[in-house]
Amino acid sequence: MRRVALSAFALGVVLSLSFVARAEEARWKTIRIDGRSDFTIDIPAAIDEEQGLDTKKGDFMAFFGTSDNSGDIACFLNGYEYPAGSSQKTFADGFPKGRGQVFCEDNDSHVSGGVMLESNAQTSNGHPAAVCTSSYTKSDEKKPGMVTSELVIATPKRAFMLNCTINDEDQEAAETSWQINWQDDIAHIRDSLKLSKDDK
């Protein structure tokens with residue numbers, strides 16, 4: 001009887017995990033970027049990506065979501081050619097030294113109270129990369145509390161920047177929204193980004 005009970009319990013755990021996995025998959029949809037099957041990213045299933053972006057200028061992906069109780073989200077993926085005299089190596093040299101956090105610093109005159117929440121070097125799509133996240137108050141926004149998180153990837157041809165920003169009623173609320181509602185989701189979005197073979 002005990003063995004049967006344990007087997008039933010084990011089956012229940014497997015079914016529960018399977019249900020959780022399916023529910024997690026249902027939360028996301030994979031979209032093609034610039035119409036390419038090998039250039040993809042996951043976005044929340046309930047949100048539609050913006051159409052008509054100028055991919056020739058490096059504007060590859062954008063989506064926006066609003067919420068009454070978990071902050072608003074906006075995400076953008078852009079690609080930038082290296083300036084003259086720069087290269088993948090020179091651009092990425094500062095990542096391990098913590099200089100990647102510059103991508104999360106906003107020097108706008110309306111910004112105050114900046115706090116760096118994370119800054120680290122890593123690898124993405126086989127290339128040098130950096131991730132940073134910061135919070136601040138931007139007084140000219142309808143919801144002035146902000147948390148911005150940036151993934152920067154240095155490929156041989158150009159740099160890709162995936163930015164996701166949370167807006168909420170104030171900076172403390174934005175940080176709470178980030179920690180409770182969005183941190184894991186944005187990590188999923190970052191990890192899901194697959195660059196085209198043309199950029200590998």
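Now for a look at the structure at hand. Just so it is clear, the structure is predicted and the values come from calculations on it, not from any experiment.

Brief notes about the state of the cysteines
Okay, so step 1: Going through the model one piece at a time under the given rule, you end up with two disulfides.
Okay, so step 2: A sulfur-sulfur separation of 2.0 Å characterises the disulfide bridge that pairs Cys-75 with Cys-164. Judged by the sign of its S-S torsion, about 115°, the bond between Cys-75 and Cys-164 is right-handed. Here Cys-164 lies in strand E8 (residues 158-168) and Cys-75 lies in strand E4 (residues 72-81), a separation of 89 residues in the sequence. Side by side, Cys-75 and Cys-164 carry an identical accessibility label, which is buried.
Okay, so step 3: Paired by a disulfide, Cys-104 and Cys-132 hold their sulfur atoms 2.2 Å apart. Looking down the S-S bond of the Cys-104 and Cys-132 bridge, the torsion is 90°, so its handedness is right-handed. One end of the pair, Cys-104, is in the loop between helix H2 (88-92) and strand E5 (111-124); the other, Cys-132, is in strand E6 (residues 127-138), with 28 residues separating them in the sequence. Like Cys-104, the residue Cys-132 is buried in the burial classification.
Okay, so step 4: Cysteine pairing for the chain (bonded cysteines numbered in sequence order): 1-4, 2-3.

Focus: the sheet that holds E8
Okay, so step 1: Pairing in this open sheet of six strands is antiparallel, and the strands run E3-E4-E8-E7-E6-E5 from one edge to the other. Only two strands of the sheet have a single partner each, and these edge strands are strand E3 (59-65) and E5. Within this sheet the neighbouring strands show an average axis-to-axis angle of 15°, counted without direction.
Okay, so step 2: Pairing analysis gives 10 bridges linking E4 to E8, with the strands arranged antiparallel. Opposite Ala-74, over in E8, you have Thr-165 as the bridge partner.
Okay, so step 3: The strands touched by helix H3 (residues 171-192) are E3, E4, E5, E6, strand E7 (145-154) and E8; relative to E8, the strand with the most contacts, the crossing angle is about 140°.

Conventions used here
- Residues numbered from 1 in each chain as written.
- Predicted model: local features only at pLDDT ≥ 70, side-chain atom pairs only at ≥ 80, totals over all residues.
- Heavy atoms only, no water.
- Disulfide = S-S within 2.5 Å.
- Helix = DSSP H or I, 4+ residues; strand = E, 2+ residues; numbered from the N terminus.
- Buried < 20%, exposed > 50% of the residue type's maximum accessible area, 1.4 Å probe, protein only.
- Pairing = 2+ DSSP bridges.
- Axes fitted to C-alpha atoms, helices over the stretch in contact; angles between N-to-C directions.
- Contact = heavy atoms within 4.5 Å.

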